[in-house]
Amino acid sequence: KEMRNTKQRKKELEKTLSAEGAVIYETFTNFSICKVSNASGFITEAKKQGILIKSLAYASSIIPALHECVRITVPGKDTQKKALRGLVAALSKSNF
């Protein structure tokens, strides 16, 4: 049941990010990989919201498609709504 709930939260996370302009790459894990227009700005703004996001810039020399990509772990059920609000705010502030 928890696996199904995680998949549902992941789907909601990706739908929200996509609606804000992020490009979502399919993964089969408990995290999402998405491309944004300003990954470092997004990471900085998300950190201000208390959300930690991993940059994938280190891998872009090997896999160029990962340039401006980030990895976001699917939030827990207790933090999903707050995390989604924070991610939307961080995306809008980083797209200057």
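Residues numbered from 1 in each chain as written. Predicted model: local features only at pLDDT ≥ 70, side-chain atom pairs only at ≥ 80, totals over all residues. Heavy atoms only, no water.

### Looking at the overall build of the protein
Moving on, step 1. Within the protein, the regular secondary structure consists of three helices and four strands.
Moving on, step 2. When the helices and strands of the protein are read in sequence order from the N terminus, they spell out α-β-β-α-β-β-α.
Moving on, step 3. Relative to the compact-globule value of 12 Å for 96 residues, the protein shows a C-alpha radius of gyration of 13 Å, a close match.
Moving on, step 4. Across its three principal axes, the protein shows a C-alpha extent of roughly 40 × 25 × 20 Å.
Moving on, step 5. In the protein, which comprises 96 residues, the share counted as buried stands at 42%.
Moving on, step 6. Across the protein, every contact between residues at least 6 apart in sequence was considered, and the portion connecting residues at least 24 apart equals 61%.
Moving on, step 7. Within the structure as shown, the protein displays about 6100 Å² of accessible surface, and the carbon and sulfur contribution to it stands at 57%.
Moving on, step 8. Charge separation in the protein, taken as the distance between the mean sites of 17 positive and 8 negative side-chain charges, equals 4 Å. (Helix = DSSP H or I, 4+ residues; strand = E, 2+ residues; numbered from the N terminus. Rg over C-alpha atoms; globule rule 2.2 N^0.38 Å. Buried < 20%, exposed > 50% of the residue type's maximum accessible area, 1.4 Å probe, protein only. Contact = heavy atoms within 4.5 Å. Areas by Shrake-Rupley, 256 points an atom, 1.4 Å probe, with all protein chains shown as cover. Lys, Arg positive; Asp, Glu negative; His and termini not counted. Charge placed at Lys NZ, Arg CZ, Asp CG, Glu CD.)

### Description of the nonpolar core
Moving on, step 1. Ranked by internal contacts, the top residues of the largest apolar core, which has 18 residues, are Leu17, Phe42, Ile53, Val70, Ile72 and Leu87.
Moving on, step 2. Secondary-structure elements contributing two or more residues to this core are α1 (2-19), α2 (39-48), β4 (69-73) and α3 (80-94).
Moving on, step 3. Residue contacts for Leu87: discarding those within four places in its chain leaves Leu13, Leu17, Phe42, Ile51, Ile53 and Ile72.
Moving on, step 4. With six residues, the next largest nonpolar core counts Phe31, Ile33, Leu66 and Cys69 among its residues. (Core = buried A, V, L, I, M, F, W, Y, C linked by side-chain atoms within 4.5 Å.)

### Considering the sheet that holds strand β1 (residues 23-25)
Moving on, step 1. Spatially, the four strands line up as an open sheet ordered β1-β2-β4-β3, and their pairing is antiparallel. Two strands in the sheet have a free side with no partner beyond their single neighbour: β1 and β3 (54-55).
Moving on, step 2. Where strand β2 (residues 31-35) and β4 come together, five bridges link them in antiparallel fashion. Residue pairing for β4: Ile33 is matched across the bridge by Arg71.
Moving on, step 3. Contacts between α1 and the sheet are confined to β1, β2 and β4, with β2 contributing the most and set at about 10° to the helix. (Pairing = 2+ DSSP bridges. Axes fitted to C-alpha atoms, helices over the stretch in contact; angles between N-to-C directions.)

### Details of the environment of Asn30
Moving on, step 1. With respect to the helices, strands and loops of the structure, Asn30 is situated in the loop between β1 and β2.
Moving on, step 2. Residues within four places of Asn30 in sequence aside, it is in contact with Thr6, Thr73 and Val74.

### What to know about the packing of α2 against α3
Moving on, step 1. Two numbers describe how α2 lies on α3: the axes approach to 8 Å, and their chain directions differ by 135°. Taken together, the axis directions place α2 and α3 in an arrangement best described as oblique. Between α2 and α3 the crossing geometry is right-handed. Each of Gly41, Phe42, Glu45 and Ala46 in α2 lies in contact with α3, whose residues at this interface are Leu87, Ala90, Leu91, Lys93 and Ser94.
Moving on, step 2. Split by residue class, the contact of α2 with α3 holds five nonpolar, two polar and two charged. (Parallel < 35°, antiparallel > 145°, perpendicular 65-115°, else oblique. Left-handed = near helix turned anticlockwise from the far one by under 90°. Nonpolar A, V, L, I, M, F, W, Y, C, P; charged D, E, K, R; others polar.)

Geometric values such as these leave the question of function open.
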